[in-house]
Amino acid sequence: MNRFIYYPGCSMEASARAYADSLEAISGPLGLELTEIDDWNCCGATEYMGISPTRAYTLVSRNLALAEKQKNGSRTLVAACSACFMNLAKTENYLREDTTLAAQVNTALEAGGLHYTPGSVDVRHLLEVIFDDVGIEAVHDQVTRPLGGLRVAPYLGCLVTRPDLDRRWRSREHPQAFDRLLRTLGAQVVDFPPRTDCCGGHMTQISPATGFELIRRLVDAADKAGADMLVTTCPMCQMNVDAYQAEMNRYFKTSYHMPILFFTQLIGLAFGFPAQKLGIGTEIVSSRAALAKIGIEIPVAEAQEPIGAGAAGPPRRPRAKQAGLPMPAMPGENVEAPR
Amino acid sequence: MSTTTTHAPAGPAPAGGSAFEPVMIGFTCNWCSYRAADLAGTARIKYPPNVRLIRLMCSGRLDPAFVLKAFAEGADGVMVSGCWPGECHYIEQNIKALRRLTLLRRVTEAMGIEPARLQLLWASAAEGQRFANEVGRIVEEVRALGPLAWGRDGARSPGSVEAALALAATGSSDPPPVSPADIDQPAPALAEVTA
Amino acid sequence: MSSAQERIGVYVCHCGSNIAATVDVEAVSEWAGQELAGRGVVVARDSKFMCASSGQELIEKDIEELGLTRVVVAACSPHMHEKTFRGACARAGLNPYLCELVSIREQVSWVHSDRAAATAKAKAVIAGGVLRVGEHVPLEPLRVPINPTTLVVGGGIAGISTALEIADAGFPVHLVERQPSIGGHMAQFDKTFPTLDCAACILTPKMVDAGMHKGITLHTWSEVTDVKGYVGNFTVTIKERARYINAELCTGCGICQEKCPIRVQDNVFEAGLGFRKVAYMPFPQAVPKYPVIDGPNCTYFEKGTCKACEKFCPTNAIDFNQVDRDVIVEVGNIVLATGFELFDARRIEQYGYGRLPNVFTSLEFERMSNAAGPTNGRIVLRDGVTEPRSVGIIHCVGSRDRNYNSHCSAICCMQSLKFAHLIGDHTDATVHNFYIDIRAPGKAYDEFYQRVLEEGTIFVRGRVAEVTDSLRLPAEADAEGRLIIQVEDTLVGRQRRIPVDMVILAAGLEPPADAKETARLFGISCSSDGWVIERHPKLDPVATMTDGVFAAGCALGPRDIPASVSNGAAAAARILGRIQQKEMAIEPVRATVDEARCSGCRICNDLCPYNAIVYHADRAVTEVNPALCQGCGTCVAACPAGAISGTGFSDAQILSQIEGLLMVSASGQLREVVPA
């Protein structure tokens, strides 16, 4: 049993409810004991940093202080939302490096009867914990319903592997860990170069033209690669691609139908859980048609008619055959696949 | 870390009266730190004039007697600099200097000399700017401590064996007041003094 | 006070305005003459330029007329002019080691702005010098014989040039090379800029000369593992690795290579773009012409079977029982010509090297373009078949970049221009070069740039952000497998996405991965990034701080072929001069043990990194071997009995200098020194 202190973050309670539900379902089989921080507060998302960095760090540090107090027999704090993870990890790192900041922050925390000792808590992302602590083999052992070659595009989003101040990822631009995890579930992972590209974040509010273009690139690349759906680790990415897809289609006069699910939902499906328990069917761009291909039924009431094509998909671009000139060896190839 | 200014920071004057100018000796090694000082010179990087440099072939040449002589002759502070560990021109002699200095520190602190008066600085031949910055920092730290005036007016010396032992035990630079009652107490145990 | 018994002359230099602008030189000179008279100063002068002949003549005249016994010059750093003033003293008949040069320029006038404080410090520095010089004793430089044999480490163009210069002058050379053949990176290139001479055509005659020269002993497939000794007298151990080929019997026919059944990717000579056999010669013009069997990949060593090479060898030259052997040579001088390694372009993920098939490094492209390379000179994509319609060449990959290497790699701009020209020659492809600046400083280099411009190469000034196969716009999807270069075109002020079929990365030059070990092995310094440090970057670019060890070529830093050859010739000239003089004077800074005072405590024994300290158990005393001692002084400081003295930096000298430096207060007044 792997024990962790868990920081859900605001999105998990509302727009990313499905992420929270599916995570709860799979933590048992994965052997993850996640204890939520008592009385946690918002992480400040991306806005607060721009307004007042010191106050933003203090806001985040309150969670770190509570985590330090609570411990739960573990000194590792796990976050599933990428932005929450980044705020927590970055703040923890800066508090360790900058004693002046740590002193300022603790002065504020002490006013509330709290204190945080920099370095007491390790902050990690859920995906990396599943990959490193639980392990691919353990995940594989729990798969009872392999995903039958469902074609998925692995979309990590920009915040999981960057800035990576604790150096946990070997490759920041094209990590392979996510691909390997999805393959273990029996899915077929398509070639998806924009795996760590930006989804637009809050640009959908600030400059829709920019936001929609970034969303379009992701959906288009997945579509061209022949994916049935995008799979992601971040509530923001999921919301942008899901909730704004229709508007994006109108803006560009396109007709994409690319569902996007959380990776925990796919893990749950592979573990044999029913779709409702994993929040599948609550998404706006329905995954019904995609999942029907592998024999998973979504109840009709929550399904939607797909807006356009997207079932067959264009042919994949063939990779260069090894009959030509040899490629340079990548680090760890044939020994251990790089991340 | 340091910004790319060409002036090393000048500290504030101590309270009460004109700024005290410490007089310090700096031991440099011919291959790295002396060349760093030369490089600071050719680059015209400014730093305080309080440190007077002596060139040795290697920091390993540093005899503890040199440091004690410097303090005895009136230096308010001593700086010892050499090549970075692993880059000594004579392979590993700077490590031996480091050992010697660590032991020497215990002696000087037991004598009542504050740790900040004897400082160690590694600098490679390419680090002119860093040399200047560090000299500036060391001068300010010594300035803040005031004149050593060792053996002149006794103001800084512990004044008694018990006080010297207490100093070594507590690491405090202010000798504790000695009262008749203290004399009958057993001397405090010598604590570990870190370099 | 010892100095009071001497007749000391003090000379303070203005150095034009370098010193005089900040330090009141006349006041200092006057002060020295008056206040230090009690310490032995009989004359104090100041002069505009002490290093000029007029300045030196001042010293010489005073020595002769005033009978000076010691001289103190307050001027620039001893690293600049110590020899100059010692020379002046010697000419006037005074032992040159009775002269002390103290720095009031680099360490006073150039680094302090307060005139009063600087003047005060100058006085202190001079006082220190005066008291110190009183403790100097006359010394004679040590003379060591110079062995006429030379060791050259590295068989690239720099090493080969050096070896040939020395050997042609009639003196023996040992040339050590890690790879099975000499030739280095130059042997991999296609054409050389700007003349477009074929690299192999100009290199192979030199390689053959070196291979056949009576004076040059080649040690290929070998490495230096130990170096002992000092200038003129080095003892070097060379490990000759087992080739499993008996060179006496091998005729270089190549049948073993033909019959060997195992093919592996050739990551050395073909830069990973081609294959070689396990029994192989790295390239057809290899010198020496003996192949090598790559033990770790050989079936015989792995499983005990095959031995095809042995079966077919007509002269029975295969010897699987060969072992590495050590050869010990005695040499007088060493030249390091260890060259460079290419920056690992996989580190820049955004350029996709290793992930995207059609991204190539410069060395891969050299091999591709080379008519003797894996594609016989055809420019093709990674599939080995398709010709590119457009090529993007990215400059400064891993250079001029704080994330990787800050330095400029000197040759990649010219190399990239060369590639642009060659691609135009071999194909109809459009070529884009993406640059920050065009560095074309050499002879006919800029003219070559103009030529490439006129040939229609398109230049985009901007650092490439990304090479990607992730298409965004419908227009980009017109062909399969296309790459997009995302770059800011700074001259136009816009972001551009330029589709290309092939990308070539002009990867930078880095020191070899084991540069620091090499430096330690030969007792020299390399900078923190790994290049060998020369004695003076302007005026002594091929000598190192260690007497007898020189460097040439890219071991010192990125440079082109003419510079590497010049370095080699320069090092050779210096060495030949030494050999002709048959002996060399070295600084007499050494430690000596006074046996009468040595108690045999042996505290000093373990302190010497050069093993110069020897304990004589029969007499229970320690001795320092003056030949091996390098003069660091650690043992001098360690001796509890003060039995070890260090010439040039004795206890008496340093203690006097400390006293002198502290004689002057921060404001320039003579202090009352309380006896310790």
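Note that the coordinates shown come from a computational prediction; the quantities given were computed from them, not determined experimentally.

### Quick look at the overall build of chain A
Secondary structure summary: chain A contains 14 helices and 8 strands in total. The contacts of chain A with a sequence gap of at least 6 include a subset with a gap of at least 24, amounting to 78%. As displayed, chain A offers around 14200 Å² of accessible surface, 52% of which is attributable to carbon and sulfur atoms.

### Brief notes about the sheet that holds strand β3 (residues 77–82) of chain B
All names here are of chain B. Taken in spatial order, the 4 strands make up an open sheet running β2-β1-β3-β4, and their pairing is parallel. Of all the strands in the sheet, the pair left with one neighbour each is β2 (51–56) and β4 (118–122). On average, each strand axis in the sheet is tilted by 20° relative to the strand beside it, whichever way the strands run. When strand β1 (residues 24–29) meets β3, the two strands line up parallel, connected through 4 bridges. Considered in β3, the bridge of Ile 25 is made with Val 78. Here helix α1 (residues 33–42) sits on the sheet and contacts β1, β2 and β3; the angle it forms with β1, its principal contact strand, is near 110°.

### Describing the arrangement of the chains
Here 2 pairs of chains are in contact, and chains B and C lead that list by number of contacts. Taking C-alpha atoms as the reference, chain A and chain B come no closer than 11 Å and do not contact one another.

### Quick word on the interface of chain A and chain C
As a measure of interface size, the accessible area lost when the parts come together is often cited. On the side of chain C, 29 residues touch chain A, which itself brings 22 residues to the contact. Roughly 2400 Å² of surface becomes buried between chain A and chain C when both sides are summed, with 54% attributable to carbon and sulfur atoms. Along the contact surface separating chain A from chain C lie 0 salt bridges. The interface formed by chain A and chain C contains 8 residue pairs in polar contact (both at pLDDT 80 or more). Across the side of chain A that touches chain C, the residue classes tally to 11 nonpolar, 3 polar and 8 charged.

### A word on the sheet that holds strand β4 (residues 99–103) of chain C
Residue and element names in this part refer to chain C. Taken in spatial order, the 4 strands line up as β2-β1-β3-β4 in an open sheet, and their pairing is parallel. In the strand order of this sheet, the two ends are held by β2 (41–47) and β4, each with one partner. Across the sheet, the mean angle separating the axes of adjacent strands is 15° when strand polarity is ignored. Note: strand β1 (residues 8–13) against strand β3 (residues 70–75), 5 bridges, orientation parallel. Directly across from Val 10, in β3, lies its bridge partner Val 72. Contacts from helix α5 (residues 115–133) reach β1, β2, β3 and β4 within the one sheet, and its direction differs from that of β4 by about 160°.

### A few points about the nonpolar core
In terms of nonpolar packing, the biggest core is built from 77 residues, with Phe 27 of chain B together with Val 10, Leu 36, Ile 59, Val 71, Ile 126 and Val 130 of chain C touching the most fellow members. At 9 residues, the largest contribution of residues to this core is made by α5 of chain C. With residues up to four places along the chain from it excluded, the contact list for Ile 126 of chain C reads Val 10, Val 12, Val 28, Ala 32, Leu 36, Ala 74 and Val 102 of chain C. Judged by nonpolar contacts, the second largest core, of 53 residues, contains Ala 20, Ala 177, Leu 266 and Leu 269 of chain A.

### Re the environment of Leu 291 of chain A
All names here are of chain A. Along the chain, the position of Leu 291 falls in helix α14 (residues 288–292). Spatially, the C-alpha atom of Leu 291 lies 9.9 Å from that of Ala 275, the residues being 16 residues apart in sequence. Setting aside residues up to four positions removed in sequence, Leu 291 forms contacts with Leu 150, Met 229, Leu 269, Ile 280, Ile 296 and Ile 298.

### Remarks on the environment of Val 102 of chain C
All names here are of chain C. Take Val 102: it is sitting in strand β4. Linking Val 102 and Val 224, residues 122 residues apart in sequence, is a C-alpha distance of 41 Å. In this structure, Val 102 is in contact with Val 72, Val 73, Ala 74, Ala 75, Cys 76, Val 125, Ile 126 and Gly 129, ignoring residues within four places of it in sequence.

### Describing the packing of helix α11 (residues 362–369) of chain C against helix α12 (residues 412–426) of chain C
Each packed pair of helices is defined by two parameters, the angle between the axes and the distance between the axes. Residues and elements named next belong to chain C. Relative to each other, α11 and α12 sit at 35°, their axes nearing to 11 Å. You can see that α11 and α12 cross each other, and the crossing is left-handed. Of the residues in α12, those in contact with Ser 362, Phe 365, Glu 366 and Ser 369 of α11 are Gln 415, Lys 418, Phe 419, Leu 422, Ile 423 and His 426. Split by residue class, the contact of α11 with α12 holds 4 nonpolar, 4 polar and 2 charged.

### With respect to the interface of chain C and chain B
Contacts between the two partners involve 50 residues from chain C, matched on the other side by 49 residues from chain B. Carbon and sulfur atoms supply 58% of the area that chain C and chain B bury against each other, a total of about 4500 Å² over both sides. The largest contributions to the chain C side of the interface with chain B come from His 79, Trp 110 and Phe 649 of chain C, which together make up 14% of the buried area. Taken together, the links from chain C to chain B amount to 3 salt bridges. A salt bridge links Glu 659 of chain C to Lys 69 of chain B; its shortest N-O distance comes to 3.4 Å. Counting the contacts that link chain C with chain B gives 20 residue pairs in polar contact (both at pLDDT 80 or more).

### Description of α12 of chain C
Residues separated by three or four positions in an α-helix point in the same direction, a consequence of the helix having 3.6 residues per turn. Residues and elements named next belong to chain C. Look at α12: 20 Å from first C-alpha to last across 15 residues, which is about the 21 Å you get at 1.5 Å a residue. Of all 15 residues in α12, 12 are buried; the element is thus mostly enclosed. Within the span of α12, buried status applies to Cys 412, Cys 413, Met 414, Gln 415, Ser 416, Leu 417, Lys 418, Phe 419, Ala 420, His 421, Leu 422 and Ile 423.

### Concerning the pairing of strand β7 (residues 173–176) of chain C
All names here are of chain C. Side chains Val 173 and Leu 175 of β7 all project onto a buried face; the interleaved residues His 174 and Val 176 project onto the opposite face, where all are buried too. One ladder, built from 4 bridges, connects strand β6 (residues 150–153) with β7; its direction is parallel. Considered in β7, the bridge of Val 152 is made with Leu 175. The parallel pair β6 and β7 is bridged by helix α6 (residues 157–168), and the resulting crossover is right-handed. Judged from the 4 bridges that link them, β7 and strand β10 (residues 216–219) form a sheet pairing that is parallel. Of the residues in β10, the one forming a bridge with Leu 175 is Leu 218.

### Some thoughts on the domain arrangement of chain A
Residues and elements named next belong to chain A. Once the domains are mapped, chain A shows domain 1 (2–126) and domain 2 (144–304). Each side of the interface is counted separately: domain 1 has 29 residues, and domain 2 has 23 residues. Summing both sides of the interface, domain 1 and domain 2 together bury roughly 2000 Å²; the carbon and sulfur share of this comes to 72%. When residues of domain 1 are sorted by the area they lose upon contact with domain 2, Tyr 19, Ile 26 and Ser 82 head the list and together hold 25% of the total. At the junction of domain 1 and domain 2, the tally comes to 1 salt bridge. Of the charged contacts, one joins Asp 166 and Arg 96 as a salt bridge, the two residues approaching to 3.3 Å between their closest N and O atoms. Run the count over domain 1 and domain 2 and you get 4 residue pairs in polar contact (both at pLDDT 80 or more). Among the elements of the structure, α1 (17–30), α4 (82–97) and β4 (122–125) are those that each provide at least two residues to the side of domain 1 that touches domain 2. Top element by residues in the side of domain 1 that touches domain 2 is α1. It accounts for 9 residues. Residue composition of the side of domain 1 that touches domain 2, by class: 16 nonpolar, 7 polar and 6 charged.

### Observations concerning unusual backbone geometry
In this chain, Phe 193 of chain C is followed by Pro 194 of chain C through a cis amide linkage whose omega measures -10°. Following Val 287 of chain C, the chain continues to Pro 288 of chain C via a peptide bond in cis, the omega torsion being 0°. When you line up the elements, Pro 288 of chain C lands in the loop between β15 (279–280) and β16 (292–293). For Asp 39 of chain A, which is not a glycine, the phi torsion comes out positive at approximately 65°. Along the chain, Asp 39 of chain A turns up in the loop between β2 (32–36) and α2 (47–51). A relative accessible area of 52% means that Asp 39 of chain A is categorised as exposed. Even without glycine at this site, Cys 396 of chain C takes up a positive phi of about 55°. Looking at the element boundaries, Cys 396 of chain C is found in strand β21 (residues 390–397).

### Things to note about the confidence of the model for chain A
Low pLDDT means the predicted coordinates in that region are not meant to be read closely. Residues and elements named next belong to chain A. Predicted confidence across chain A gives a mean pLDDT of 87, with 89% of residues reaching 70 or more. Counting contacts from residues 307–321, a segment whose pLDDT is below 50, to residues more than four positions away or on other chains yields 23 contacts. pLDDT under 50 marks residues 334–339. Its contacts with residues more than four places away, or in other chains, come to 16 contacts.

### Observations regarding the side chain of Gln 56 of chain C
Residue and element names in this part refer to chain C. Along the chain, the position of Gln 56 falls in helix α2 (residues 53–66). Judged by its relative accessible area of 11%, Gln 56 is buried. With residues up to four places along the chain from it excluded, the contact list for Gln 56 reads Met 50, Cys 51, Thr 84, Ala 88 and Arg 91.

Cut-offs used in this document
Residues numbered from 1 in each chain as written. Chains lettered and ligands numbered in written order. Predicted model: local features only at pLDDT ≥ 70, side-chain atom pairs only at ≥ 80, totals over all residues. Heavy atoms only, no water. Helix = DSSP H or I, 4+ residues; strand = E, 2+ residues; numbered from the N terminus. Contact = heavy atoms within 4.5 Å. Areas by Shrake-Rupley, 256 points an atom, 1.4 Å probe, with all protein chains shown as cover. Pairing = 2+ DSSP bridges. Axes fitted to C-alpha atoms, helices over the stretch in contact; angles between N-to-C directions. Buried area = accessible area lost by both parts, 1.4 Å probe. Salt bridge = Lys/Arg side-chain N within 4 Å of Asp/Glu carboxyl O. Polar contact = N/O pair within 3.5 Å; in protein donor to acceptor, adjacent residues only side chain to side chain. Nonpolar A, V, L, I, M, F, W, Y, C, P; charged D, E, K, R; others polar. Core = buried A, V, L, I, M, F, W, Y, C linked by side-chain atoms within 4.5 Å. Buried < 20%, exposed > 50% of the residue type's maximum accessible area, 1.4 Å probe, protein only. Left-handed = near helix turned anticlockwise from the far one by under 90°. Expected span 1.5 Å × (residues − 1). Right-handed = clockwise from strand over helix to strand, strands pointing away. Domains from an automatic or database assignment. pLDDT = per-residue confidence, 0-100.

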